[in-house]
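Structure assessment
As a plain string of letters, each chain reads:
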Amino acid sequence: MKIEYAERVNRLPKYIFVAIEELKAKKKKEGIDFISLGIGDPDLTTPELIINELINQVKIPENQNYPASMGEEIFREGIVRWYKVRFGLDFNADREVTNVLGGKEGVANIARAFINPGDIVLCPNPGYPVYANGATKLCDGKPYLMPLTRENKFLPNLELIETKILKKAKMMYLNYPNNPTGAIAPIEYLKKAVDYAEDYNFIIIYDNPYSEFTFGDYIAPTLLQINPDHIEINSASKTFNMTGFRCGWAVGNQEIIEGLRKIKSQIDSGCPIFIQKAVIKGLNEYKSEKKPEIVDKNMKIYEKRRDVLVEGLNKIGWETDKPKATFYVWIQIPEGETNSMDFVKKLINVGVIITPGIGFGQYGEGFVRFALTQPIERIKEALERIDKVLN
Ligand SMILES: Cc1ncc(COP(=O)(O)O)c(C=O)c1O
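Parameters at a glance
- Residues numbered from 1 in each chain as written.
- Predicted model: local features only at pLDDT ≥ 70, side-chain atom pairs only at ≥ 80, totals over all residues.
- Heavy atoms only, no water.
- Helix = DSSP H or I, 4+ residues; strand = E, 2+ residues; numbered from the N terminus.
- Rg over C-alpha atoms; globule rule 2.2 N^0.38 Å.
- Buried < 20%, exposed > 50% of the residue type's maximum accessible area, 1.4 Å probe, protein only.
- Contact = heavy atoms within 4.5 Å.
- Areas by Shrake-Rupley, 256 points an atom, 1.4 Å probe, with all protein chains shown as cover.
- Lys, Arg positive; Asp, Glu negative; His and termini not counted.
- Charge placed at Lys NZ, Arg CZ, Asp CG, Glu CD.
- Near = heavy atom within 4 Å.
- Polar contact = N/O pair within 3.5 Å; in protein donor to acceptor, adjacent residues only side chain to side chain.
- Pairing = 2+ DSSP bridges.
- Axes fitted to C-alpha atoms, helices over the stretch in contact; angles between N-to-C directions.
- Patch = residues over 30% accessible without salt bridge, like charges linked within 9 Å, V, L, I, M, F, W, Y side chains within 5 Å.
- Salt bridge = Lys/Arg side-chain N within 4 Å of Asp/Glu carboxyl O.

**Quick notes on the overall build of the protein**
From N to C terminus, the protein includes 14 helices and 12 strands. For 391 residues, the compact-globule estimate of 2.2 N^0.38 gives 21 Å, and the protein sits close to it at 21 Å. Seen along its three principal axes, the alpha-carbon backbone of the protein occupies a region of about 60 × 55 × 50 Å. The 391 residues of the protein split such that 54% are buried. Once local pairs closer than 6 in sequence are excluded, the contacts in the protein between residues at least 24 apart make up 76%. Total accessible area computed for the protein in this model is approximately 17900 Å², and 50% of it derives from carbon and sulfur atoms. Separation between the mean location of the 52 positive side-chain charges and that of the 52 negative ones in the protein comes to 3 Å.

Here it is as structure tokens:
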């Protein structure tokens, strides 16, 4: 029997991280101690308040049945409350909210509702790979890569996109606070993006999983504050260190939400009810736009780590700025290095794992990403090892 993949599957790029995993496995056999600053998966644990609620809720028989794929009413109402308290926005729980199985699922499946073969989707690059691959290419659409450059503060330069591309665009993904660059978007920029969307008639998917991952006084907005005709996708993954629980939500324009619900109702059976309820328990801790203690305490830990890493890198002559948000530090590869992958391999040899910029697309080349997912002592150890490689 000859097995042939569908064309759209063949169009998916090779997984760049396989090469890193292979090298890591080889080094592990040599007994090397790895400090992993690669994957954006929090090392901190889910707040006790949420864990206790999970344990209580899982015991209740009615929470053990099939969930509604759009999310339980209590979940959708909890999300509506959160947008009111956190962003001052009003949504309708029946029509303008849906549950997703983590932001990733929502970001990918939304394209199935709106992208026909050949349609253009505006995707930031470097960016979360799902926009171009899991979403656009798997719907036979065409990703148009919007470069995020340091010169433009890692915001897509909308003026540089040709009118004929804008006219054909059906959807745009935007993600601030941004993975991988750590950049944030000024309100004026979001207004401009919304104006473009109106002028050229495309929808914006505002991917906002790092909305609570902010430092100091900075409070991240949602694009929906500027115009609720688009949608935001967010999740409990980063806010509550719940990456393994797969619970998120999409909020905004009723017709867009309806499209996503329609797709999902044919595909999945929803996030377990006890998880939905525990997430709402966490979100109910918000009494204003300010982060509640269960979130703030973790952000203070990440902030200290960020300071140790960035100040340490600057000290060894590898200069970068402190990001205002996310738990990522995006930095140009040191002078004399030819590409991000080769440089990452050099660091693997000394047991430090970071992510090559090329893993986030062609415009990520020349950069690498650190994730602040190790305690301060390990970050210091990583800095010492990096110093030896560089100097
Ligand atoms: C930019 C961005 N969007 C979406 C996600 C999806 O997260 P989750 O599916 O865990 O909600 C991630 C996760 O790393 C991300 O970095």
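That was the structure; now back to the text.
**What to know about the site of the ligand**
Not every one of the 14 residues close to the ligand is listed here, only the nearest: G103, D207, S235, S237 and R246. Contact between the ligand and S237: an oxygen atom at 2.6 Å from a side-chain N or O atom of the residue. In the complex, the protein chains occlude 92% of the 400 Å² of accessible area that the ligand would expose alone. Sorting the residues of the shell around the ligand by element identifies α5 (103–114) and α9 (236–239) as the ones contributing at least two each.

**Concerning the sheet that holds strand β5 (residues 169–174)**
The sheet built from 7 strands is open, its strands ordered β2-β8-β7-β6-β5-β3-β4 with mixed pairing. Every other strand in the sheet has two partners, leaving β2 (97–100) and β4 (142–147) as the edge strands with one partner each. Neighbour to neighbour, the strand axes of the sheet diverge by 25 degrees on average, direction disregarded. Pairing of strand β7 (residues 231–235) with strand β8 (residues 248–252) involves 5 bridges; the strand directions are antiparallel. Its bridge partner being in β8, N234 is matched across the sheet by W249. Against the sheet, helix α4 (residues 73–87) engages β2, β7 and β8, with an angle of about 60 degrees to β8.

**Considerations on a negative patch on the surface**
A grouping of D195, E198, D199 and D229 is seen on the molecular surface, where their side chains present a negatively charged patch. The partly exposed category is assigned to D229, whose relative accessible area is 44%.

**Brief notes about the side chain of K277**
For K277, the location among the structural elements is in helix α11 (residues 273–283). Look past the residues within four positions of K277 in its chain and what remains in contact with it is E53, Q57, E62, N63 and I74.

**Some remarks on unusual backbone geometry**
Looking along the chain, the bond that leaves N125 and enters P126 is cis, with omega of 5 degrees. Summarising the element assignment, P126 is placed in the loop between β3 (120–125) and α6 (131–136). Between Y176 and the following residue, P177, the backbone shows a cis peptide bond with an omega angle of -5 degrees. Mapped onto the elements of the fold, P177 is located in the loop between β5 and α8 (187–200). Phi angles above zero are rare outside glycine, and D140 is one such case at about 60 degrees. Mapping D140 onto the fold places it in the loop between α6 and β4.

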